[in-house]
Amino acid sequence: MGETGSGKSQFINLATGSNLKVSSGARSCTQEVTRAGPLNLDGRQVYFYDTPGFDDTDRSELDILKEIVIALESQYRQGKLLHGIIYLHRISDIRVGGMAKANFGVFKKLCGDEPLQHVVLLTNMWNKVSQKEGEKKAKELAAMDDFFGYAIKHGAVMKDNNPDTVETAHEIVRHFLKKHPVALEIQQEIVERNLAIDKTSAGLALDDKLEQRVKRYERELRQRMDAELEARREQDEETRKLQEEESQRIRKLLEKLQRERSEQAADYKKLQEQLKATIKELNVRPESPALPKQQVGSSSSVQAAGDAGIVSGTVYTLYNKQHGLYATLHGSHIRLEAPKGGRDNKQHWTFTSINSNRWKIESVHSRRFVLASPSNEVRVLPNYSSWCVVAEAGSDANEYRICLNSANTRGNVIACERRKSGVKMVNRMLRLFDGTGGSDEIWVIEEV
């Protein structure tokens, strides 16, 4: 991310060998969120998402926010999270203006404070300044509390794209390979808290930015009109005409901004409807991609949820393969019972992504969450545990083990209650056990 002309597309092209269109000045070439890659680096496949800047010359900020939010929301519901974000800034800029600060303010709210630890603030275009001048500007940027300083205090890292080479780009990417994926504030606000776009932190920040621009143009218009009156008094016809033309230009910009503000409520409503349509499409589309396959944990016989995949926000049933019964809510307890028909939502569970293959499991009936109690009993309570859904290599589609916090299937696996005499159900309750490879630990997770 970054302002128009900061070198976003060019950086991606350099890192991945892609051929994204590059802007030659203030006019943006990136009109939508565009995926590029993969970059094969240190045994990992890395994909980049190029975004238009909030100061795009041809589109409103709300249009840009729409593009970004829909892309992020769609990925989040598919269990896909970002490992990091690169925010580019031209080190050659003479000063950091109010609009640049406002743009970065929207970016901060889009991320949220905690995910700023996954941000690299990348200064770019060092070939346009001397080394000494660039280093001085970089220190100034890092010290600005209303710009990069705030993000750095919350864990963001500032790096220089200097020299501007493939090796430098790859070193910057390696910074993210050490990190776990993260959910951004805007993703949690839209999906988890079901907030309207204009009530999200980024939406409110965008409103503030628009209001700042209106006030600036109003101030400039008053100044131009005063200068025009002064030129009339001094009978300076040439200056008067110039000031009049400038006043007309600013007046048109002001009218455009005021029109945007008046139309904003309707625009936000339209955007929310587009998001709902995206959600519906994701929930009904069987080929929706989910978490990528990868080897996890210490066992070579398991892999992260792949082919069938778990889609965040979708409702599933949990069918125990060994006993041929479904996980069913009884008060705060979960028991295994025969299917009760599609209408009984006591057998329905919503999976919601927390971050990479970490899930909250919620009862549709009680709106409470599956939790591991201190006694290792699996219950449904207001608080939640983080669960890892792991597929057995070579198993049938939709067959998984559900592990507490970790993809290591050698421990903390949900299964039927056991006794030392062997596998035996006691009131068909669910508990956590050390994984032994037993088939009673295998759950068929099917969409309702």
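None of these values were measured; they are calculated from a predicted model.

## Quick look at the packing of helix H2 (residues 61-77) against helix H7 (residues 185-192)
Put simply, H2 and H7 touch, their axes get as near as 9 Å, and they point 70° apart. In terms of orientation, H2 lies roughly perpendicular with respect to H7. In contact with Val69, Leu72, Glu73, Tyr76 and Arg77 of H2, H7 contributes Ile186, Gln187, Gln188, Ile190, Val191 and Glu192. Residues that form the contact of H2 with H7 fall into these classes: six nonpolar, two polar and three charged.

## Focus on helix H4 (residues 131-143)
With 13 residues, H4 extends 19 Å from end C-alpha to end C-alpha; this agrees with the ideal 18 Å at 1.5 Å per step. Taken together, the buried positions of H4 are Gly134, Lys137, Ala138 and Leu141. Mapping the buried residues of H4 onto a view down its axis gives an arc of 105°, with all of them on the same face. Turned more than 90 degrees off the buried face of H4, the exposed positions are Lys132, Lys136, Lys139 and Ala143. On its buried face, H4 is in contact with strand S3 (85-90), strand S4 (119-124), helix H5 (148-153) and strand S5 (157-160).

## Section: the sheet that holds S3
Across the sheet, three strands lie side by side as S3-S4-S5; this open sheet has parallel pairing. Two strands close off the open sheet at either side, each with one partner strand: S3 and S5. In this sheet, neighbouring strand axes are inclined to one another by 25° on average, regardless of whether the strands run parallel or antiparallel. Of the pairings in the sheet, the one linking S4 to S5 comprises four bridges and is parallel in character. When the bridges of S5 are listed, Leu121 appears paired with Met158. Sheet strands touched by helix H3 (residues 98-111): S3 and S4. Its angle to S3, the strand with the most contacts, is close to 175°.

## What to know about the environment of Lys8
Its location among the elements puts Lys8 in helix H1 (residues 8-16). Judged by relative accessible area, Lys8 falls into the buried class, the value being 9%. Among all residues touching Lys8, those that are not within four sequence positions of it are Met1, Gly2, Glu3, Asp50, Thr51, Gly53 and Leu88. There is a polar contact of 3.0 Å between the side chain of Lys8 and the backbone oxygen of Glu3.

## Considerations on the confidence of the model for the protein
Averaged over all residues, the pLDDT of the protein is 78; the fraction at 70 or higher stands at 77%. Per-residue pLDDT stays below 50 along residues 284-308; that stretch engages in 53 contacts with residues further than four places along the chain or on separate chains. Contacts for the low-pLDDT stretch residues 419-426, under 50 throughout, to residues beyond four places or in other chains number eleven contacts.

## Focus: the side chain of Thr314
Within the element layout of this structure, Thr314 appears in strand S7 (residues 314-320). Residue Thr314 is classed as buried on the basis of its relative accessible area, which comes to 4%.

## Examining helix H6 (residues 166-177)
An ideal rise of 1.5 Å per residue puts 16 Å on twelve residues; H6 measures up with 17 Å between its terminal C-alpha atoms. Residues of H6 that are buried include every one of Thr168, Ala169, His170, Ile172, Val173, His175, Phe176 and Leu177, and no others. Of the surrounding elements, those touching the buried residues of H6 are H1, strand S1 (34-41), strand S2 (44-50), S3, S4 and S5.

## Quick look at the environment of Ile402
Relative to the helices and strands, Ile402 resides in strand S15 (residues 399-404). Given a relative accessible area of 1%, Ile402 falls into the buried group. With twelve residues separating them in the primary sequence, Ile402 and Val390 have C-alpha atoms 6.4 Å apart. Once residues within four sequence positions are removed from consideration, Ile402 is found in contact with Leu318, Ile361, Trp387, Cys388, Asn412, Val413, Ile414, Trp443 and Ile445.

Calculation notes
- Residues numbered from 1 in each chain as written.
- Predicted model: local features only at pLDDT ≥ 70, side-chain atom pairs only at ≥ 80, totals over all residues.
- Heavy atoms only, no water.
- Axes fitted to C-alpha atoms, helices over the stretch in contact; angles between N-to-C directions.
- Helix = DSSP H or I, 4+ residues; strand = E, 2+ residues; numbered from the N terminus.
- Parallel < 35°, antiparallel > 145°, perpendicular 65-115°, else oblique.
- Contact = heavy atoms within 4.5 Å.
- Nonpolar A, V, L, I, M, F, W, Y, C, P; charged D, E, K, R; others polar.
- Expected span 1.5 Å × (residues − 1).
- Buried < 20%, exposed > 50% of the residue type's maximum accessible area, 1.4 Å probe, protein only.
- Arc of directions from axis to C-beta.
- Pairing = 2+ DSSP bridges.
- Polar contact = N/O pair within 3.5 Å; in protein donor to acceptor, adjacent residues only side chain to side chain.
- pLDDT = per-residue confidence, 0-100.

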